[in-house]
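Report on the structure
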Number of protein chains: 4
Amino acid sequence: MQIGLIGLGKMGGNMAERLRRDGHQVVGFDRSPSAPRDVDSLQGLVAALQAPRVVWVMVPSGEPTRATIADLGDVLEPGDVIIDGGNSRYTDDQAHAAALIEKGVKFLDCGVSGGVWGLTEGYALMVGGDAETVALAQPIFDSLKPTEGGFVHAGAVGAGHFTKMVHNGIEYGIMQAYGEGYELLKAVDLVERPDEVMASWQQGTVIRSWLLDLLVRALDSDPGLAKIRAYAQDSGEGRWTIEAAIQNAVPLPVITAALFARFASRQDESVAMKVVAALRNQFGGHAVGHEGSTAPVPVS
Amino acid sequence: MQIGLIGLGKMGGNMAERLRRDGHQVVGFDRSPSAPRDVDSLQGLVAALQAPRVVWVMVPSGEPTRATIADLGDVLEPGDVIIDGGNSRYTDDQAHAAALIEKGVKFLDCGVSGGVWGLTEGYALMVGGDAETVALAQPIFDSLKPTEGGFVHAGAVGAGHFTKMVHNGIEYGIMQAYGEGYELLKAVDLVERPDEVMASWQQGTVIRSWLLDLLVRALDSDPGLAKIRAYAQDSGEGRWTIEAAIQNAVPLPVITAALFARFASRQDESVAMKVVAALRNQFGGHAVGHEGSTAPVPVS
Amino acid sequence: MQIGLIGLGKMGGNMAERLRRDGHQVVGFDRSPSAPRDVDSLQGLVAALQAPRVVWVMVPSGEPTRATIADLGDVLEPGDVIIDGGNSRYTDDQAHAAALIEKGVKFLDCGVSGGVWGLTEGYALMVGGDAETVALAQPIFDSLKPTEGGFVHAGAVGAGHFTKMVHNGIEYGIMQAYGEGYELLKAVDLVERPDEVMASWQQGTVIRSWLLDLLVRALDSDPGLAKIRAYAQDSGEGRWTIEAAIQNAVPLPVITAALFARFASRQDESVAMKVVAALRNQFGGHAVGHEGSTAPVPVS
Amino acid sequence: MQIGLIGLGKMGGNMAERLRRDGHQVVGFDRSPSAPRDVDSLQGLVAALQAPRVVWVMVPSGEPTRATIADLGDVLEPGDVIIDGGNSRYTDDQAHAAALIEKGVKFLDCGVSGGVWGLTEGYALMVGGDAETVALAQPIFDSLKPTEGGFVHAGAVGAGHFTKMVHNGIEYGIMQAYGEGYELLKAVDLVERPDEVMASWQQGTVIRSWLLDLLVRALDSDPGLAKIRAYAQDSGEGRWTIEAAIQNAVPLPVITAALFARFASRQDESVAMKVVAALRNQFGGHAVGHEGSTAPVPVS
């Protein structure tokens, strides 16, 4: 079928390629003239597609996505469909759908996982919206997703991005779990070959996973992780997961600990720990002479 | 090759079966006369094996393993090898090796992962001990492990169980991460099909794993996990992981949070939370009338 | 000086009393006719006060406060001052100030701590707003606050409630710390008199505090906390603290753990822990016979 | 009464001074000849005291305390009493008592809090042992403790140090709670005077405490804590608290988070976070061009 695709970066470009390989006609647009775009304006995009049009938006979340969807709403016709495949917050989806419904334009949100492997292995898709609109776009989803599984219609508008958000929260927790385990292995002399341990865990263990496979790849190219900095960014989705949990009174100790570990990794120094250090100084100096020894008696 | 195997429960029995399928001669012993044992005493076991003997101990960790290894030390001969394949604490291994070395008996510790699937898929093995002894037992390891990978000689005596212990700590963190994510999905009306979400994540996502596959199996047999109690035991290995981390000053926030969540799941009520509730009562009753409303003004 | 006070519940009523004792003329209003109000409408309140008027709003946060401030904005005159002494979110303050500035009405936010003890001991006050307006209301603050200290002009509009919010976050952490310690004392037979331990800590220790004094009061009236349920509500301020931390990438592991412990205390059962229990069942039953013992070999 | 006191460092010296001020005859010994000791050997100490002797040991925990108590056991007579006032682990107490009982020497363990303020304000004392022996030493305890309160006979041998250990665990949690709150205040521009906020909290608030008083002292001498490093040691007692909790299946999320924050403060870089960073690189580079923007589309 025909599809418009806005945003031809690494993700969008690969998705366009996967759709074309499966026989779809993709009309690509990107704000940048240097991108391999098929049309040079949203108007051109609309003109190139037959109604009812399906337009996939694959641009950064937040303002770029909001602006793109608003502009699309001005040029599309009743019955057309916008799919937001970016990393929008689920609350944005609900605002988008409400604004578009007045123009008769339909809206789906689609969380996408898979990264650079998606082109060949397929993208995991989590979709929110009404069943009729989902059905209309199903051929697109079927081509993007892996051969088996990897697709869910999770619920109404917003459910797709909510689900993807939770996926990323889980991802934070799992990554941190492997990180903590590897750190403990490396902390003791007893374990002489921590990298080999991680590699051996890829088969037969309870904790084998795709993330473990990736970690072993990383260790192969950087043994002992000697070269990489202990500095981890976080995308919005980890934060939104905690915020959603707080709003629903759901305790998420593991996912939150993982997020906070990333925050801490980016601090030059912890102000909280300055407080702790200052307090320790206050209540005794913590370096107290005694009985011919240089070791302190903690005096708290 | 020949091997003695002590402990013919579900794990030991399956391992004996996998070894026999691969051509080894297994002489099995179990303290229980009702087990399908080949000999009826440790002396019988020793007599049935040619020196240098390799005896695999697969009994519960702690006192049963300690007693078995002590008894074996009395009947084995210099040059024989004991492999502790149970879930012993790594500190036990070092004590065992030290006691046995005086008798000329060699010792390996081997952490084993794989559960009931091990029979067909192979067991992941993490081994501690000296290289020469490991080489002597390698044919056994090669038959037990999966076709590819799943084996590591992690370091000296104790390194095998230490590594398996860390494996289990990571497992705690990953399981809790999935649990938290699923709980958040179920907490919001927006996500209408949380079980289908989990199933869809098995392909194409960053968080696909064997544990996720198991979770989907569990959801298939108990949709919404309506039937199972929110009550989780912990084995010693999670606790030992935290203790080892504390001794090495390694922060493990995620793995520890996962362990504590299990502790909490087994409490009828939290004494700590009684304190919090009592304190809230003390500083204001937290139910304060005002301006014609029934809602309280928190007064802290 | 003169002051209008809206909201004559336990907090507002006590504050009015403390102000009158110190010589101020308080004109009280409450939406409820049964409250001991001095006027029966906002118009009556305005008429009873000389310009420039200072009106203290002490009603529940959220919609009641928003409605009261909006209504006041309609009846006050340029140069008058509204002080929000409730538990509003700091983001509300900034919206209120922006709306009122167009009418020439000034706004201060004031976080108040002290609970039922405030009447006699004074209320701790944390104020946000411009210095000129703070100075205008200073006589009121001086009468409400304790004899010494207990007052801070923390910053611009919103800083008062932000500061009070953080105060409450810290309070969560401290309460949980005492709770955990008391739980551990009670968990071991070795400590025969945990209530006496808590009482003894009130003097001479590093951890003596007002909250500890309150806890000892609670233990005096309910030894062993046998009667109180392990169920703790949370007000908005703990949640907002975490949300503010997330927005500023500040790790708050202790305060967050304390909030999550409250969430967990209100759950009948943890869905996350159902997942963990279900997974444990999947990978081996965790009840494996062996060598004549009834104890299971964990088989992960 | 008479008392022998071993260990004349800052703590021991101050305690000797407080006892002498209250009329006791203190015979001080220290291994170091440069200390102001009254006798120059344990034999001299024994000779200078009338039976039944009470000897207070105030030396570093671990080997120094163990050696001192063993040596004392050799020179004391049946009916004499040893009080370990240091920071020993409660498990050591039980070993000491068992060894001494064979010689007829009695043993008490006494956790001491108060730091450098103890000399004038009194020391909080937490005592373990049998009631008869506690009664024998009560005059000493009465002189060391604050005028009111500050003393508890917590239970049998070990209960004193166990209780002090838990005290320190709580202390960790409270210190971290203040630290986190201060960090959040400093992280936002809205709060212009975070040091003044802390100072104002000393009166009238729910969170007023001695530790807060100390923190304000620290801020007075180092505004904004600009000079102190974010580096916090931990004594054994925090670690032992977590280990005791794990052995008793008590969840301590707040105290553990506080301990881990100290561990993290001493790391040059977190190996766990290297893993997280490496994984993020693996699944997409996290720097993905798109639609004319330099911002990345996270591609997980």
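Quantities reported herein were computed from a predicted structural model and do not represent experimental measurements.

If you look at the interface, chain B gives 21 residues, while chain D gives 21 residues. Surface buried jointly by chain B and chain D totals about 1,700 Å² across both partners, of which 74% is contributed by carbon and sulfur atoms. The largest per-residue losses of area from chain B upon contact with chain D belong to Ile-246, Pro-251 and Phe-260 of chain B, which jointly make up 36% of the total buried on that side. Across the contact surface, chain B and chain D share zero salt bridges. Connecting chain B to chain D are two residue pairs in polar contact (both at pLDDT 80 or more). Listing elements by their share of the side of chain B that touches chain D, those giving two or more residues are α10 (236–247) and α11 (253–265) of chain B.

Quick look at helix α1 (residues 10–21) of chain D now. The α-helix advances 3.6 residues per turn, and as a result positions three or four apart in sequence lie on the same side. Residue and element names in this part refer to chain D. End to end, α1 covers 17 Å across twelve residues, agreeing with the expected 16 Å (1.5 Å per residue, within 8%). All of the buried residues along α1 are Met-11, Gly-12, Asn-14, Met-15, Ala-16, Arg-18 and Leu-19. The secondary structure elements touched by the buried residues of α1 are β1 (2–6), β2 (25–29), β3 (54–57), β5 (106–113), α5 (118–121) and α6 (131–144). Following α1 by one or two positions, Gly-23 has its phi on the positive side, about 95 degrees.

We now examine the relation of the copies chain D and chain A. By a simple turn and slide, chain D fits onto chain A: the slide is 0.0 Å along the axis, the RMSD is 0.0 Å, and the turn is 180 degrees. Expressed as a symmetry operation, the mapping of one chain copy onto the other fits a two-fold axis. Comparing interface residues between copies, 100% of those in chain D also lie at the interface in chain A; the contact surface is shared.

Mapping between the two copies of the chain is achieved by a rotation about an axis and a shift along the axis. Overlay of chain B on chain D (RMSD 0.1 Å): rotation 180 degrees, translation along the axis 0.1 Å. Interface residue correspondence from chain B to chain D reaches 100%, placing this contact among same-surface, isologous pairings.

A few words on the pattern of salt bridges. The final tally for this structure, using the stated rule, is 56 salt bridges over all chains. Ionic pairing is found between Arg-89 of chain A and Glu-243 of chain A, a salt bridge with its closest N-O pair at 2.6 Å. Placement of the pair is Arg-89 of chain A in the loop between β4 (81–84) and α4 (90–101) and Glu-243 of chain A in helix α10 (residues 236–247), with a sequence separation of 154 residues. A residue is classified by how much of its surface remains accessible, and Glu-243 of chain A, at 6% relative accessible area, is buried. Note that Glu-121 of chain D and Arg-208 of chain C form a salt bridge whose closest N and O atoms lie 2.9 Å from each other. Here the residue Glu-121 of chain D occupies a position in helix α5, and Arg-208 of chain C occupies one in the loop between α8 (194–200) and α9 (210–221), the pair thus bridging two chains. On the basis of relative accessibility, which here comes to 35%, the residue Glu-121 of chain D falls in the partly exposed class. For Arg-208 of chain C, a relative accessible area of 16% gives the class buried. Through salt bridges with shared partners, a single network forms among Arg-53, Glu-77 and Asp-80 of chain A.

Now for the UniProt feature "active site" (unreviewed entry) in chain A. The residues that UniProt annotates with the feature "active site" (unreviewed entry) are Lys-164 of chain A. Position of Lys-164 of chain A among the secondary structure elements: in helix α7 (residues 159–187).

Two quantities define a packed helix pair, namely the angle between the axes and the distance from one axis to the other. Where α11 of chain B meets helix α12 (residues 271–282) of chain C, the axes come as close as 10 Å, and the angle between the chain directions of the two elements is 95 degrees. In terms of orientation, α11 of chain B and α12 of chain C fall into the roughly perpendicular class. On the side of α11 of chain B, the interface is formed by Ala-261, Arg-262 and Ser-265 of chain B, while α12 of chain C contributes Met-273, Val-276 and Arg-280 of chain C. A breakdown of the residues in the contact of α11 of chain B with α12 of chain C according to their chemical character gives three nonpolar, one polar and two charged.

This next bit is on the domain arrangement of chain A. Residue and element names in this part refer to chain A. Its domain assignment divides chain A into domain 1 (2–157) and domain 2 (164–265). Each of domain 1 and domain 2 has a C-alpha centre, and the two are 31 Å apart. The interface of domain 1 with domain 2 comprises eleven residues on the first partner and eleven residues on the second. Counting across the domain 1 and domain 2 interface gives one salt bridge. Applying the counting criterion to the domain 1 and domain 2 interface returns three residue pairs in polar contact (both at pLDDT 80 or more). No other element matches the three residues that strand β5 (residues 106–113) contributes to the side of domain 1 that touches domain 2. Partitioning the side of domain 1 that touches domain 2 into residue classes produces four nonpolar, six polar and one charged.

Our next topic: the pairing of strand β3 (residues 54–57) of chain A. Residue and element names in this part refer to chain A. Burial along β3 is two-sided: Val-54 and Trp-56 facing one way and Val-55 and Val-57 facing the other are all buried. Summarising the sheet, β3 and β4 pair through four bridges and their orientation is parallel. Bridging from a neighbouring strand, Val-57 pairs with Asp-84 of β4. Following the backbone out of β3, through helix α3 (residues 63–75) and into the adjacent parallel β4, one traces a crossover that is right-handed.

Sheets are built from strands that pair by backbone hydrogen bonding, the pairs being arranged parallel or antiparallel. Residues and elements named next belong to chain C. Judged by pairing direction, the sheet is mixed, and its seven strands sit side by side in the order β2-β1-β3-β4-β5-β6-β7 without closing on themselves. With one partner strand each, in any of the chains shown, β2 (25–29) and β7 (151–155) form the two edges of the open sheet. If you compare each strand with its neighbour and ignore which way they point, the axes differ by 25 degrees on average. Set on the sheet, helix α6 (residues 131–144) makes contact with β1 (2–6), β3 (54–57), β4 (81–84), β5 (106–113), β6 (124–128) and β7; between it and β5 the angle comes to about 35 degrees.

Criteria and thresholds
Residues numbered from 1 in each chain as written. Chains lettered and ligands numbered in written order. Predicted model: local features only at pLDDT ≥ 70, side-chain atom pairs only at ≥ 80, totals over all residues. Heavy atoms only, no water. Contact = heavy atoms within 4.5 Å. Buried area = accessible area lost by both parts, 1.4 Å probe. Salt bridge = Lys/Arg side-chain N within 4 Å of Asp/Glu carboxyl O. Polar contact = N/O pair within 3.5 Å; in protein donor to acceptor, adjacent residues only side chain to side chain. Helix = DSSP H or I, 4+ residues; strand = E, 2+ residues; numbered from the N terminus. Expected span 1.5 Å × (residues − 1). Buried < 20%, exposed > 50% of the residue type's maximum accessible area, 1.4 Å probe, protein only. Least-squares fit on C-alpha atoms with pLDDT ≥ 70 in both. UniProt positions renumbered as here; feature names shortened; annotations may be inferred. Axes fitted to C-alpha atoms, helices over the stretch in contact; angles between N-to-C directions. Parallel < 35°, antiparallel > 145°, perpendicular 65-115°, else oblique. Nonpolar A, V, L, I, M, F, W, Y, C, P; charged D, E, K, R; others polar. Domains from an automatic or database assignment. Pairing = 2+ DSSP bridges. Right-handed = clockwise from strand over helix to strand, strands pointing away.

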